[in-house]
Amino acid sequence: MNAPVLSPVARTEVSHAEMANAIRFLAIDAVEKAKSGHPGMPMGMADVATVLFSRFLKFDAADPAWPDRDRFVLSAGHGSMLLYALLHLTGYQGVTSDELRAFRQWGSKTPGHPEFGHTPGVETTTGPLGQGIATAVGMALAERLLNARFGDDFVDHFIYVIAGDGCLMEGLSHEAISLAGHLRLNRLIVLFDDNQISIDGATSLSCSDDQVARFKASGWSACRIDGHDPEAISAAIEQARKSERPSLIACRTVIGFGAPNRQGSEKAHGAPLGADEIAKTRAALDWPYQPFAIPESVLAQWRGIGARGQSARRAWIERTRRLNSAGRSPFHDALNRKLPCGYADALAQIRDRFATERPNIATRQASQLVIDAIAEALPNLLGGSADLTHSNLTRAKTHQPVKPDFRGGSYIHYGVREHAMAAAMNGIALHGGFIPYGGTFLTFADYSRPAIRLAALMRIRVIHVMTHDSIGLGEDGPTHQPVEHLASLRAIPNLLVFRPGDAVETAEAWDCALRAQASPSVLCLSRQALPAFRESIGSANLVASGAYVVIEPEGGRDVTLIATGSEVSIALKAAKLLTKDGFRAAVVSAPCFDLFRQQSREYQAAVLGSVPRVGVEAAIEGDWARWLGDAGEFVGMTGFGASAPAEVLYREFGITAEAVATAALHSLARSRMAKAYA
Ligand SMILES: Cc1ncc(C[n+]2csc(CCOP(=O)(O)OP(=O)(O)O)c2C)c(N)n1
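Residues numbered from 1 in each chain as written. Predicted model: local features only at pLDDT ≥ 70, side-chain atom pairs only at ≥ 80, totals over all residues. Heavy atoms only, no water.

A. Layout of the site of the ligand. Near the ligand you find 16 residues, and of these His78, Gly166, Asn195, Ile197 and His269 are the closest. One of the backbone N or O atoms of Gly127 is found 2.8 Å from a nitrogen atom in the ligand. Protein contact buries 74% of the 590 Å² of open area that the ligand shows by itself. For the shell around the ligand, the secondary-structure elements that each account for two or more residues are helix 6 (165–169) and strand 4 (197–198). Taken together, the residues of the shell around the ligand break down into 6 nonpolar, 7 polar and 3 charged. (Near = heavy atom within 4 Å. Polar contact = N/O pair within 3.5 Å; in protein donor to acceptor, adjacent residues only side chain to side chain. Areas by Shrake-Rupley, 256 points an atom, 1.4 Å probe, with all protein chains shown as cover. Helix = DSSP H or I, 4+ residues; strand = E, 2+ residues; numbered from the N terminus. Nonpolar A, V, L, I, M, F, W, Y, C, P; charged D, E, K, R; others polar.)

Below, the structure is given as structure tokens:
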């Protein structure tokens, strides 16, 4: 391991207390001005943060995206002013004093909770408790995997987290610390704000966990220290950096430290201190300065800390430049978010093969073949599953599993930890170097949902492979049969929900998901075999347009049948039945509503047609009405499924070609009647 080379900061007369108080008072003043926010946590953790940033954190404020920087994750996102104060003090561009004054205001760089992509230096969006620590597990995993591939000269950093009682109470934290402990992610160091207070009052109201014992039981190094003693903090971090396991440092702190009437109480958690208490705190901590004013010497010292990583960064750039002189290196390819050139050919080949062979296979099987076909061309594809590898079919033949003592792999056995898998995948994507995908059953998307939502909000590329996507899974019954999940996932902004209907569409959906640099995707795949329906394929990826016409009847349409996934073949059969009865039905496959919504009105109108429409999907109606119009009919589920063979379920729940044809006739009759009375 390379010791990070940090330039020493010139010793001045500025004390640790002054450095920490600068953070405290920026937090106090910003919350007071905003008339909302959380001063208690930044006041309590200012000492820990000061030691971490001034003595350990490898970063250069001038380049927030430097790939070999240490990551700092504020899991207790409500204490956002701690982070904003640090970013301002250390000199991150754009995090100005004015921005601190605009804390929580429209358009500011300082929103209520830290938002990735919005404020430089914010590594991940936090606020929903537990997400930060679980995301950091993914970062720590990515760091070690990338290090195994490229070595200490290029990848050698730590992931530091500040988490509070709330983060550790969340169930997600159990999954996350268990996974990190198992994989011995020793670059992960969690500084626990052990202040024994949450919103309702003392944590003893609801929790009596021994956190140190809990982490140790999960395979971590863990200790407890006085979180206001700089030397104890420093010694504990020093120790943690040497550990072969992830580390917890329980820092016993006082929430609202320094506020005479609020400290140690939940009253310091989430409300401005008020003018009187602020004056008393200024006196108690000997901070006689105006709101937002930082003495020059203190600011200079902090700015020095912000620039301390400059030489390490320059040396790293120099090393990587040498690597690059022999042409593009795999390391640069890994860090580049664009897909390498070999990928497009690999994808085109498997798509062509599907078009030629027209396999009658489940879309999960088609997905397996796609993964196998592209794995070599995409060495930074990092797969996994939450203990459903053989059902999700997510592991490429060439993928070796990652183990505690083997970081050279490309496949993560996440265990039965859907939520941690989703959050860790966010961390992997945020860290850079890999494109994460992971599998579970679609019905368990609910277990991952909070992390999926954050991925959508953060605009990151994370791919969820969710198989067993309807009653079509059969005998496992209603607990395992998703009915509302498509609708509920489609409701998440910026989440691409794909439901491909055959092998060609599956390849195209994978292609869309991989190319979506700023959106997470969910690939909803069937357990059961589906007939191929794409007759001829050109070079265009039709799934990319969201919906497209599969069959256009000669002489114009009477009705449009729109379906997704396994129901496209039902719509095709229904069209044949209608033809026999003398009606001309177009069939539209709509594998991605989100992408269809982004098409021009003209394209949408051309696909949907100005005739009555019938939608068919083995799920609840959700927002289908948007595509079906007033005369439309929906054939799908109205409640939960049941345990029986798939064919029986489709018949019993009335999702059949006959039902679709009948619905088409109803909708035609209704529309004709409406016209007659118009
Ligand atoms: C998932 C989730 N549930 C609830 C909340 C609301 N909330 C914000 S902070 C907090 C209490 C956290 O307590 P702790 O971590 O001890 O923070 P401290 O009081 O020390 O600042 C709660 C319940 C949230 N942000 N996220």
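That was the structure; now back to the text.
B. Layout of helix 20 (residues 503–515). The end-to-end C-alpha separation of helix 20 is 18 Å, in line with the 18 Å expected for 13 residues at 1.5 Å each. Judged by how many residues are buried, helix 20 sits mostly within the fold: 12 of 13 residues are covered. Restricting attention to buried positions, one finds in helix 20 the residues Ala503, Val504, Glu505, Thr506, Ala507, Glu508, Ala509, Trp510, Asp511, Cys512, Ala513 and Leu514. Backbone nitrogen of Val504 and a side-chain oxygen of the N-cap are separated by 3.2 Å at the start of helix 20; the cap is Asp502. (Expected span 1.5 Å × (residues − 1). Buried < 20%, exposed > 50% of the residue type's maximum accessible area, 1.4 Å probe, protein only.)

C. Focus on the packing of helix 2 (residues 40–56) against helix 9 (residues 230–242). The interhelical angle for the contact between helix 2 and helix 9, taken along N-to-C directions, is 55 degrees, at an axis separation of 9 Å. Relative to helix 9, helix 2 is oriented oblique. The two elements helix 2 and helix 9 meet at a crossing, and its hand is right-handed. In this structure, helix 2 uses Asp47, Val48, Val51, Leu52, Arg55 and Phe56 to contact helix 9, whose residues at the interface are Pro230, Glu231, Ile233, Ser234, Ile237, Glu238 and Arg241. Tallied by class, residues from the contact of helix 2 with helix 9 come to 7 nonpolar, 1 polar and 5 charged. (Axes fitted to C-alpha atoms, helices over the stretch in contact; angles between N-to-C directions. Parallel < 35°, antiparallel > 145°, perpendicular 65-115°, else oblique. Left-handed = near helix turned anticlockwise from the far one by under 90°. Contact = heavy atoms within 4.5 Å.)

D. Structural view of unusual backbone geometry. Positive phi values are uncommon outside glycine, yet Arg104 reaches one of about 70 degrees. For Arg104, the position within the fold is in the loop between helix 4 (97–101) and helix 5 (131–150). Overall, Arg104 belongs to the partly exposed group, its relative accessible area being 28%. The backbone of Phe292 shows a phi angle near 70 degrees, a positive value even though the residue is not glycine. By the element assignment, Phe292 lies in the loop between helix 10 (275–284) and helix 11 (296–307). For Phe292, a relative accessible area of 9% corresponds to the buried category.

E. Spotlight on the sheet that holds strand 6 (residues 221–226). Reading across from one edge, 1-2-3-7-6 is the order of the 5 strands in this open sheet, with parallel pairing throughout. Strands with a single pairing partner mark the edges of an open sheet, and in this sheet they are strand 1 (71–74) and strand 6. Going across the sheet, the axis of each strand differs from the next one's by a mean of 20 degrees, ignoring polarity. Pairing geometry for strand 2 (residues 159–164) and strand 3 (residues 188–194), over 6 bridges, is parallel. Pairing of Gly164 across the sheet is with Asp193, part of strand 3. Set on the sheet, helix 5 makes contact with strand 1, strand 2 and strand 3; between it and strand 2 the angle comes to about 165 degrees. (Pairing = 2+ DSSP bridges.)

F. How the structure looks around the pairing of strand 17 (residues 559–563). Within strand 17, 5 of the 5 residues are buried, which leaves it mostly tucked inside the rest of the structure. Burial along strand 17 is two-sided: Val559, Leu561 and Ala563 and Thr560 and Ile562, pointing in opposite directions, are all buried. Where strand 17 and strand 18 (residues 585–589) come together, 5 bridges link them in parallel fashion. When the sheet's bridge partners are listed, Ala563 is paired in strand 18 with Ser589. Handedness of the β-α-β unit built from strand 17, helix 21 (residues 568–580) and strand 18 comes out right-handed. (Right-handed = clockwise from strand over helix to strand, strands pointing away.)

G. Region of interest: the pairing of strand 6. Here strand 6 pairs with strand 7 (residues 247–252) via 6 bridges, running parallel. Paired with Cys223 across the bridge in strand 7 is Ile249. In this view, the connection linking strand 6 to its parallel neighbour strand 7 by way of helix 9 has right-handed handedness.

H. A look at the pattern of salt bridges. Applying the stated criterion across every chain yields a total of 28 salt bridges. Asp194 is paired through a salt bridge with Arg252; the nearest N and O atoms lie 3.1 Å apart. Of this pair, Asp194 sits in strand 3 while Arg252 is found in strand 7, placing the two residues 58 residues apart along the sequence. A relative accessible area of 31% means that Arg252 is categorised as partly exposed. Connected through shared salt-bridge partners, Glu143, Arg144, Asp156 and Arg187 make up one network. (Salt bridge = Lys/Arg side-chain N within 4 Å of Asp/Glu carboxyl O.)

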